[in-house]
Amino acid sequence: MSGVALHWFRKGIRLHDNVPLTKAIESCSTLIPIFILDTDFLDPKKVSANRLGFLLDSLKCLDEDLQERGSRLIVAKGKPSEVIFSLIEEFKINKLTFERGTEPFNKDLDDELIGIVNANDIEVYSNWGHILFNPDHILALNNGKTPVTMNVFLKLASSAPTPLKPIPAPEKIPPPPADFKPKNVEIFISTPTLSDLKEYGYDPEAMTTWFKAGEKEGIKIMEDFLKQKQRVASFEKPKTKPTALLPDTTALSPYLSVGSLSVRLFYHKLLEVLKSFKRHSKPPVSLEGQLYWRELTYLIGYSTPNFHQMRENPLCYQIPWTEGEAAQEALKKWEMGQTGYPAVDAAMNQLRSDGWMHHLARHLVACFLTRGDLWISWELGRDVFDKYLIDADWSINNFSWHWMSCSAFFYQFFRCYGPVSFFKKTDPNGDYIRKHVPILAKYPVKYIYEPWEAPKNVQEAAGCIIGQDYPRPIVEHKTVSQANMGKLKKAYDKNKADRAKPAKVNAEKLE
Ligand code: FAD
């Protein structure tokens, strides 16, 4: 074997079930395993220390795993296409391997890379390693149309080829060139940490998530969860607890998001467990169903123009969300856990401190920000989630914000989450609030969800005066949620009327 291969680690930050990496190894004596930190990503206003730190820790684990096999990770800084092009030229690369991406920016980049590869006459191998099903197959089965409901997706998936079985991690990996120092690409001496990125405004102390990164950790969490067979077989998402102090679901999303856990490994291991049960829960609420939700979001993101915005997005209702300074102020209060509704604030505090929260907590705060209470655009909430979540994922996040704001996929706007009542169902004592809004920790159970109702002497005894130490409610939920339902109904009627007259719109455009 001779030749130099370049494997670009994009999301699949792992060695197990990494088909492109394995293909690269098959035909080379030198392998450059590279991760490219795009400088646009290095902005604490858009990407929190938790999110970036988790990614960097995942890279560090990958580097250790590569070193165990005779290689090491190269981390470069720059634009992926420029870095790859430069390395191809300088090191006479004859094979490029990588995992494909479904997001529009990644699709564009894939096209660019294929162009570079063709122009340089080198071999390329890429696959859909981040998802279970080839999105082009599923779309073809649906005559090119994007499926927008789980029922349709399940039918299509049942006719599609079964997701490939995962492959093991390679035992040995050829090393990169000795003393690897590219002329035109900036590389880090070793895998960077947040301290190495202080020039971009990152503070290592700001990383507070308790999640440990890496594929070993992801696999361990998966195995520990799957060992609880009865829990797996009876898993029903709506019955899990958003207020649990330890995650009540698998908490695998950070690992699936950066790809340090292969979704195919999880899927096949999960099916093995389910096989041993005559009866088990079923999609969409089962654990298997959660992976299908993930697939559906990728498919929709892959095939819908402008899926990241309301305008010119064919699936999204046009809703006149509040804009301007007042909206920005309310958004900031929501982001910083200062709405005066303890349940909402606790969840947002958990988001900022842990970089993760339970699915139904995400429901509560997303509904509150948009159609429930504050009437603020889902795009702004999506950005806040994208900044803080260590499992931040373009497709799932955009899809979920469409859903929660009743902009697409879910239209029952009269069903609204109560910021006082919702968490009470699973946490009557308010322990989740006591943990994540510690200023309220000493409030009696009676007032923990509505501290503004507590008499002055109770507030004093609890050491927290409302309006002084903790805010009063930002809005009166009952009143605004009723008003918002009316506004949404009006917006729906207008959208329906507008959609019913496309011919006129086209004619106007032509004039
Ligand atoms: P589990 O219930 O154990 O599910 C296992 C896996 O299935 C998850 O890790 C995830 O990969 C997938 N999954 C679970 N629920 C969903 C779902 N509803 N849609 C798509 N895939 C799902 N998830 C992200 O991974 N990244 C995001 O950026 C993200 N943003 C969200 C924004 C909002 C407003 C909402 C309501 C949900 C969002 N979710 C997002 C979906 C979901 O909340 C998380 O995937 C889940 O809570 C992660 O916890 P878990 O791994 O324990 O999930």
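Sequence order sets the numbering: in each chain, residues are counted from 1 along the sequence as written. It should be noted that, the model being predicted, local features are given only for residues of pLDDT at least 70 and side-chain atom pairs only at 80 or more, the latter also being counted only at that level, while totals for whole chains, interfaces and linings use all residues.

A. Here's a closer look at the site of the ligand. The criterion for a residue being near a molecule or strand is simple: its C-beta atom, placed using the backbone, must lie within 6 Å of it. The environment of the ligand is made up of 29 residues, and the closest members are Thr249, Thr250, Ser253, Asn397 and Ser400. Counting only elements with at least two residues in the shell around the ligand, the list comes to α9 (253-258), α11 (287-303), α14 (359-372) and α16 (394-404). Broken down by class, the residue content of the shell around the ligand amounts to 13 nonpolar, 11 polar and 5 charged. What counts as a helix is a DSSP run of H or I of at least four residues, what counts as a strand is a run of E of at least two, and both are numbered from the N terminus. Amino acids outside the nonpolar list (Ala, Val, Leu, Ile, Met, Phe, Trp, Tyr, Cys, Pro) and the charged list (Asp, Glu, Lys, Arg) are all regarded as polar, and Gly is one of them.

B. Representation of the UniProt feature "domain: Photolyase/cryptochrome alpha/beta" (unreviewed entry) in the chain within the structure. Taking the UniProt record as the reference, the feature "domain: Photolyase/cryptochrome alpha/beta" (unreviewed entry) is found at residues 3-132. Each end of residues 3-132 is marked by a C-alpha atom, and these two atoms are 31 Å apart; helix forms 44% of the span and strand 22%. UniProt positions are given in the numbering used here, feature names are shortened, and annotations may be inferred rather than shown by experiment.

C. Here's a closer look at the sheet that holds strand β3 (residues 74-77). A pair of strands counts as paired when DSSP detects no fewer than two bridges linking them. Read across the open sheet, the 6 strands follow the order β5-β4-β1-β2-β3-β6; overall the sheet is mixed. Where the open sheet ends on each side, the last strands, each with one partner, are β5 (123-127) and β6 (186-187). Across 5 bridges, strand β4 (residues 95-99) lies against β5 in parallel orientation. From the neighbouring strand, Leu96 faces β5, where its bridge partner is Val124. Sitting on the sheet, helix α3 (residues 80-91) is in contact with β1 (4-9), β2 (30-37), β3 and β4, with an inclination near 170° to β1. We call two residues in contact when the distance between their C-beta atoms, placed using the backbone, is within 7 Å. Lines fitted to C-alpha atoms define the axes here, with helix axes fitted over just the stretch in contact, and angles between the N-to-C directions of these axes take values from 0 to 180 degrees.

D. Inspection of helix α13 (residues 342-354) at higher detail. One less than the number of residues in a helix, times 1.5 Å, gives the span that helix is expected to have. The end-to-end C-alpha distance of α13 is 17 Å, a good match for the 18 Å that 13 residues give at a rise of 1.5 Å each. Burial analysis of α13 places 11 of its 13 residues in the buried class, which makes it a mostly covered element. Each residue is classified by how many other C-beta atoms fall within 10 Å of its C-beta atom, where C-beta atoms are placed from the backbone; a count of 20 or more means buried, 12 or fewer means exposed, and values in between mean partly exposed. Pro342, Ala343, Val344, Asp345, Ala346, Ala347, Met348, Asn349, Gln350, Leu351 and Arg352 are the residues of α13 that are buried. Among the structural elements, α12 (325-335), α14, α15 (378-388) and α17 (431-436) are those in contact with the buried residues of α13. Positive backbone phi, at 75°, marks Gly355, one or two positions downstream of α13.

E. Local environment of the nonpolar core. By convention the nonpolar core is taken to be a set of buried residues drawn from Ala, Val, Leu, Ile, Met, Phe, Trp, Tyr and Cys and joined through C-beta atoms within 7 Å. Grouped together as the largest cluster of nonpolar side chains are 137 residues, with contacts concentrated most on Leu6, Ile34, Ile84, Ala343, Ala347, Leu364 and Val365. If one sorts the elements of this core by residue count, helix α2 (residues 49-68) sits on top with 9 residues. Leave out the neighbours within four places in its chain, and Ile84 touches Leu6, Trp8, Leu96, Leu113 and Ile116.

F. Seen up close, the packing of helix α10 (residues 263-275) against α11. Close contact between α10 and α11 brings their axes to 10 Å; oriented N to C, the two are set at 155°. As far as their axial angle goes, α11 and α10 are roughly antiparallel. As α10 runs across α11, the sense of the crossing is left-handed. Between α10 and α11, the contacting residues are Val263, Tyr267, Leu270 and Leu274 on the first element and Leu287, Glu288 and Leu291 on the second. For the contact of α10 with α11, the class distribution of residues is 6 nonpolar, no polar and 1 charged. Small angles under 35 degrees read as roughly parallel and large ones over 145 as roughly antiparallel, with 65 to 115 read as roughly perpendicular and the rest as oblique. If you view the pair so one helix is near and one far, a crossing is left-handed when the near helix is turned anticlockwise from the far one by less than a right angle, and right-handed when it is turned clockwise.

G. The arrangement of the UniProt feature "binding site: FAD" (unreviewed entry) in the chain in detail. Here, the residues flagged by UniProt with the feature "binding site: FAD" (unreviewed entry) are Thr249, Thr250, Ala251, Leu252, Ser253, Asp391, Ala392 and Asp393. Positionally, Thr250 belongs in the loop between α8 (229-233) and α9. A tally of 21 C-beta atoms within 10 Å means that Thr250 is categorised as buried. Along the chain, the position of Leu252 falls in the loop between α8 and α9. Those residues in contact with Leu252 that lie beyond four places of it in its chain are Gly218, Ile221, Met222, Leu261 and Phe266.

H. The arrangement of the pairing of β1 in detail. The element β1 is largely enclosed, with a buried count of 6 among its 6 residues. As paired elements, β1 and β2 share 6 bridges and run parallel to each other. In the sheet register, Leu6 faces β2, and the bridge partner there is Ile32. Across 4 bridges, the pairing between β1 and β4 is parallel. The residue of β4 that forms the bridge with His7 is Thr97.

I. Spotlight on the confidence of the model for the chain. For the chain, the average pLDDT comes to 96, and 98% of its residues sit at 70 or higher. Within the model, pLDDT remains below 50 along residues 502-511, and this stretch shows 0 contacts once partners closer than five positions in the same chain are excluded. The ipTM for the predicted assembly is 1.00, set against a pTM of 0.97. As a per-residue quantity, pLDDT reports the predictor's confidence and falls between 0 and 100.

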